[in-house]
Amino acid sequence: MASFSQFGNDLYTGKRSFDFIGKRRIWYSIAISLIILFVGVTLMRGGFQFGIEFRGGSQFEVADVANPDDALASDVVASVVDKANAKVTIVGGDSVRVQTDQLTNRESDDVRDALAEAYGVGVSDVTASFIGPVWGQDITNSSIRALLVFLGLAAVVMALYFRTWKMSLAAMIALLHDLVITAGIYGVLAFEVTPAAMIGFLTILGYSLYDTVVVFDKIRENTTEDTGVRTFSESVNLAVNQTLVRSINTSVVALLPVASILFIGSVLLGAGTLRDIALALFIGMLVGTYSTIFIAAPLYAHLRQNEPELRKQEQRLTENRKASIA
């Protein structure tokens, strides 16, 4: 612990430093490569795997099952309805959830009776429901509107708070990067996109923006006055190093309870909603921490590097350093 504290102190004073800003083209290349890879793989897979709330379909849930065998449910559905595309999930250890394409009333009754017989429970223990795609479309439209409103308000507030649109632009690009990468991981790994996952996507924006604001606040503090000691890029890089340990600690503290919820929701309880929200949060927080350090701050320095005043400052400092060496 003492060595880690010393490590943080060295980063804060500048005794030890990682060149995040100078290697920004590497970070840009990695981000662009990942986006192209994730988008390409997702398209090759035929798009995202949406939950039944978005695509619509029939759902059956068998309660109080003594031996919850998912293969049995798949065989039962296939024997009653050909090509129903059944998806079976064990819920809570003693319940079986079956989701299929949209079935007729007759087919739903037949599947319900067959599931009850196969698992040795009463027909009353098998619930059957139909979920239309309209509800999922409404959720999608509402999510998109919420995303646009959030990005718009966040951009305006950041521009006013930091008194520069370039910080706001860098933060918004980092947020979009977080969304695309998180969604891309869902597409590549074929994770199911549910309304709970959509809520998780929107939630991670707040976490990522908070982390970015903290780092940008330190950048503003370091670059407010020309001290004649560091260039603008060096001051930005110092700010990122000074907040690095804090970003790591905050991420670890935030990820631990999310990981616990993910484990409990998916392994112990089999609760789909908890699992979907926690999974989106876990992935998004990791990506958000990365983007603050490797995308937002370097991009802000990049946007301002050609300003005449900063170029004069850098040229003057370079000449002074050469003179001191000579």
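Residues numbered from 1 in each chain as written. Predicted model: local features only at pLDDT ≥ 70, side-chain atom pairs only at ≥ 80, totals over all residues. Heavy atoms only, no water.

A. Geometry of the confidence of the model for the chain. Scored by pLDDT, the chain has a mean of 83; 91% of the residues are at 70 or more. When the elements of the chain are averaged for pLDDT, helix 1 (residues 2-13) gives the smallest value, 67, and helix 2 (residues 24-44) the largest, 92. (pLDDT = per-residue confidence, 0-100. Helix = DSSP H or I, 4+ residues; strand = E, 2+ residues; numbered from the N terminus.)

B. The packing of helix 2 against helix 7 (residues 165-188), seen in detail. Running from N to C, helix 2 and helix 7 point in directions that differ by 40°, and their axes come no closer than 9 Å. Taken together, helix 2 and helix 7 sit at an angle that is classed as oblique. Crossing handedness for the pair helix 2 and helix 7: left-handed. Between helix 2 and helix 7, the contacting residues are Ala 31, Leu 34, Ile 35, Phe 38, Val 41 and Thr 42 on the first element and His 177, Val 180, Ile 181, Gly 184, Ile 185, Gly 187 and Val 188 on the second. Grouping the amino acids of the contact of helix 2 with helix 7 by side-chain chemistry returns 9 nonpolar, 4 polar and no charged. (Axes fitted to C-alpha atoms, helices over the stretch in contact; angles between N-to-C directions. Parallel < 35°, antiparallel > 145°, perpendicular 65-115°, else oblique. Left-handed = near helix turned anticlockwise from the far one by under 90°. Contact = heavy atoms within 4.5 Å. Nonpolar A, V, L, I, M, F, W, Y, C, P; charged D, E, K, R; others polar.)

C. Summary view of the pattern of salt bridges. Counting across every chain of the model gives 8 salt bridges. With a shortest N-O distance of 3.5 Å, Glu 61 and Arg 97 are connected by a salt bridge. Within this pair, whereas Glu 61 is found in strand 2 (residues 57-62), its partner Arg 97 is found in strand 4 (residues 95-100), the two being separated by 36 residues in sequence. Within the structure, one salt-bridge network assembled from shared partners comprises Lys 166, Arg 304 and Glu 307. (Salt bridge = Lys/Arg side-chain N within 4 Å of Asp/Glu carboxyl O.)

D. Up close: a nonpolar patch on the surface. Residues Val 39, Leu 43 and Val 180 make up a contiguous nonpolar surface patch of roughly 250 Å² in combined accessible area. Relative accessible area serves as the criterion here: at 33%, Val 180 is assigned to the partly exposed category. (Patch = residues over 30% accessible without salt bridge, like charges linked within 9 Å, V, L, I, M, F, W, Y side chains within 5 Å. Areas by Shrake-Rupley, 256 points an atom, 1.4 Å probe, with all protein chains shown as cover. Buried < 20%, exposed > 50% of the residue type's maximum accessible area, 1.4 Å probe, protein only.)

E. Broad picture of the packing of aromatic side chains. Taken as a whole and judged by the stated rule, the model has 12 aromatic pairs. In this structure an aromatic cluster arises from ring pairing among Phe 18, Phe 20, Trp 27, Tyr 290 and Phe 294. The ring centre of Tyr 161 lies 4.7 Å from the NZ or CZ of Arg 220, which sits over that ring. (Phe/Tyr/Trp six-rings, centres within 6.5 Å; stacked < 30°, edge-to-face > 60°. Lys NZ or Arg CZ within 6 Å of the ring centre and 35° of its normal.)

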